Amino acid sequence: MKDASFFPMERNRYFYGKLLTVRDFEAEQNYMGAKRRLLNRVVSGAGVVCGLGVARSDDTTLLINSGMALDYAGREIVVEELLVRRLEMIEGYETLQGAKDAYLCLRYDETQIEPVNAVGSDTGTTSQYNMVREGYRLFFSTEPPEYRGLLEALGKENVKVLYAANGLTLVFYADAAACAGSEFTVGVLLVKGENAPPVHFTLEGESSVVESENGRICLVYSESPEEKRSVFQTVFHLKAQNLSDMVTPLFPNGAELTVEMGGHTYKNILDLEAQLTLCADQVNYQALMDRKDDLAKHLSGRELPIYLARLELIEAADRIFLGAVTNLPFGQRLHRDFAAQTAGADHMEVTTSVEALEFWQKPDVRATYRQDSNALHLAFGIPSPEVYDYSTNHGTVDITMPGGIKVNHRYYSEEIPHGLGPGNVEVRLAVEFLDVDEAHLFGNSEVFRNKNSQVTPPWVETAAVVYPSRGTMRIGIWLHDNVEGNRIRIHYYAQKPERDTRRMLENRQVSVRIIPEVSRLGKREQMRFRAVVQGSEDKNVTWAVKDEGGGAIDQNGIYQAPETAGTYEITATSTADGNVSASAYVIVE
């Protein structure tokens, strides 16, 4: 069924004496095939159903797993066995010259097979193909996708390309409807080179429909240098104002976009046409979703391929080699519960996250429920294992031994304080003896009783009795050898575990870091700084502009540049420790 058309839905009507021609048999096939493809597209969607993972076999060879996908015309694409393909064996290889990356794409395809003699053919030919084999077409594309059509086919709304330059593309999308007082989703798709530096962007603008302290939306993202991803999405959850029955722009006065990547900084005011409809309650919200859920929405994107992988390409010595491989970069995968969600079944998506707390903090559980997607997120805070600190003390005890034979005799000290106060105390003992060098013996002296040992300590066993309620101890010895003199010296080492949380907190190092550290702004422009506080439960900071006439910054970190060009210092001081601060610098041009 190479024809992607579903309509019109016409089937044969049979009657006695009907003359069946090629047209009738084709109509029979088309009717059943179109019905199946329509159900595939509307009920299941489009994307990879199973398998079809892509990996490097070596620098010039790809492995494509067997699997199945549904294309955007509802047709089944089946790769029945593992494929091993050198790059030059794949369609479109000649287009890779000079490209830094490419997409491995999959489309439905079919081929006519089994030529046979055609008797009485109306085409004038003497042969025709007897069968049609359904298959696939695997090919390279160096052109980026048409992002708006791709994301809308994936169910995204309010799609707009924010930025496309210097090997980076940012595509914005946002929910077009929300319940009053509930959360809704805004996201940004990032597409960049595999070895491109980390990206930092800020999208900010005034908004009267989102709850915030200053009446503004501020979306901030900073990529970690360790992530090294080339295609990914970052999602923000915003809360709508408790208003209803209104359609309003998300950014009525436009949005300011700031992009930083390596040494490049970009700033621009965008006319971001994103509409948000606020509904009074869940009933009105669902009624709006039902009205918008028409057939055309489900049948969009018929010409889109399945993007199996994004490939990093390395060109050297007139050859093309493979770098990193990113599977399904745009998330074109069908989930098994998609049909139930589309049909409105009572299905709840539950996700979890775990945060490691400090050992003195209490366990914490937070639940976030989103009515629009019937999704529940549980965030667990689990204290880490308790860390002990120790108090220590050491000293010596001289035990007197009366004259006479001392072998196999036991001697004890008086009850003495160990210096660590009441409580459980661990005590280790060592016997001091004189040989070639002064030494302390821990453990069993029999270990050194051999001809190769350079020391010959006496065989003396030691033990201690600790009295936790009094903070004292007694030390005893058992002589297995004759010891010269009438005194033996015992060294003790005592330690006591402590849980003095207050003192341990005082010893923790508080640190502050400002993101970004260096920025460029035009005169009277605004941007937002973010402070990261570590080593304290108190994450608040006090913002200030150190230079006189260097502009102003509020306690949300939003900086207003002055009218005078120059370089100005911004400081953030920890409220937990006023002696700890960090600086960032703004170059006003």
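What comes next concerns the included structure. (Residues numbered from 1 in each chain as written. Predicted model: local features only at pLDDT ≥ 70, side-chain atom pairs only at ≥ 80, totals over all residues. Heavy atoms only, no water.)

## Let's talk about the pattern of salt bridges
It is possible for side chains bearing opposite charge to pair when their charged atoms get close.
Here is step 1 of the chain: Scanning the model with the defined rule gives 18 salt bridges in all.
Here is step 2 of the chain: Note that D101 and R310 form a salt bridge whose closest N and O atoms lie 3.2 Å from each other. One end of the pair, D101, is in strand 7 (residues 101-117); the other, R310, is in strand 20 (residues 306-316), and 209 residues separate them in sequence.
Here is step 3 of the chain: According to the relative accessible area criterion, D101 is partly exposed, its value standing at 22%.
Here is step 4 of the chain: Given a relative accessible area of 7%, R310 falls into the buried group.
Here is step 5 of the chain: Between R487 and D398 there is a salt bridge, with the nearest N and O atoms lying 3.4 Å from each other. With R487 in strand 32 (residues 487-498) and D398 in strand 25 (residues 389-400), this pair connects stretches of sequence that are 89 residues apart.
Here is step 6 of the chain: Its relative accessible area of 44% is what places R487 among the partly exposed residues.
Here is step 7 of the chain: The network of salt bridges with shared partners includes D398, R487 and R489. (Salt bridge = Lys/Arg side-chain N within 4 Å of Asp/Glu carboxyl O. Helix = DSSP H or I, 4+ residues; strand = E, 2+ residues; numbered from the N terminus. Buried < 20%, exposed > 50% of the residue type's maximum accessible area, 1.4 Å probe, protein only.)

## A word on the pairing of strand 3 (residues 61-64)
Here is step 1 of the chain: Strand direction decides the pairing type here: strand 2 (residues 54-58) and strand 3, joined by four bridges, are antiparallel. Residue pairing in the sheet places V54 in a bridge with I64 of strand 3.
Here is step 2 of the chain: As judged from the four bridges shared by strand 3 and strand 6 (residues 83-86), these two strands associate in the antiparallel manner. Of the residues in strand 6, the one forming a bridge with L62 is R85. (Pairing = 2+ DSSP bridges.)

## A look at the side chain of H480
Here is step 1 of the chain: As for its placement among the helices and strands, H480 is situated in the loop between strand 31 (472-479) and strand 32.
Here is step 2 of the chain: A polar contact of 2.8 Å, which involves the side chain of H480, links it to the side chain of E461.
Here is step 3 of the chain: Not counting residues within four places of it along the chain, the set of residues in contact with H480 comprises V407, N408, W459 and E461. (Polar contact = N/O pair within 3.5 Å; in protein donor to acceptor, adjacent residues only side chain to side chain. Contact = heavy atoms within 4.5 Å.)

## Quick notes on the nonpolar core
Here is step 1 of the chain: Grouped together as the largest cluster of nonpolar side chains are 45 residues, with contacts concentrated most on L62, L104, L308 and F330.
Here is step 2 of the chain: With 34 residues, the next largest nonpolar core counts L162, L190, V199 and M261 among its residues. (Core = buried A, V, L, I, M, F, W, Y, C linked by side-chain atoms within 4.5 Å.)

## Remarks on unusual backbone geometry
Here is step 1 of the chain: Cis peptide bonds are those with omega within 30 degrees of zero, and the linkage from I515 to P516 qualifies with -5°.
Here is step 2 of the chain: Mapped onto the elements, P516 comes out in the loop between strand 33 (511-515) and strand 34 (518-521).
Here is step 3 of the chain: If you check the backbone angles, N158 has positive phi at about 55° while not being a glycine.
Here is step 4 of the chain: Mapping N158 onto the fold places it in the loop between helix 2 (147-153) and strand 9 (160-165).
Here is step 5 of the chain: With relative accessibility at 19%, the residue N158 sits in the buried group.

## Some words on the sheet that holds strand 6
Here is step 1 of the chain: Across the sheet, which stays open at both edges, the three strands sit in the order 2-3-6 with antiparallel pairing between neighbours. Here the strands that pair on one side only, and so sit at the sheet edges, are strand 2 and strand 6. Going across the sheet, the axis of each strand differs from the next one's by a mean of 30°, ignoring polarity. (Axes fitted to C-alpha atoms, helices over the stretch in contact; angles between N-to-C directions.)

## Quick look at the sheet that holds strand 15 (residues 231-239)
Working definition: the strands of a sheet are paired by backbone hydrogen bonds and lie parallel or antiparallel to each other.
Here is step 1 of the chain: Pairing in this open sheet of four strands is antiparallel, and the strands run 9-10-12-15 from one edge to the other. The open sheet is flanked by strand 9 and strand 15, the only strands paired with a single partner. The sheet shows a mean angle of 15° between the axes of neighbouring strands, taken without regard to direction.
Here is step 2 of the chain: Direction of pairing for strand 9 relative to strand 10 (residues 168-174): antiparallel, over a ladder of five bridges. Paired with V161 across the strands is V171, a residue of strand 10.

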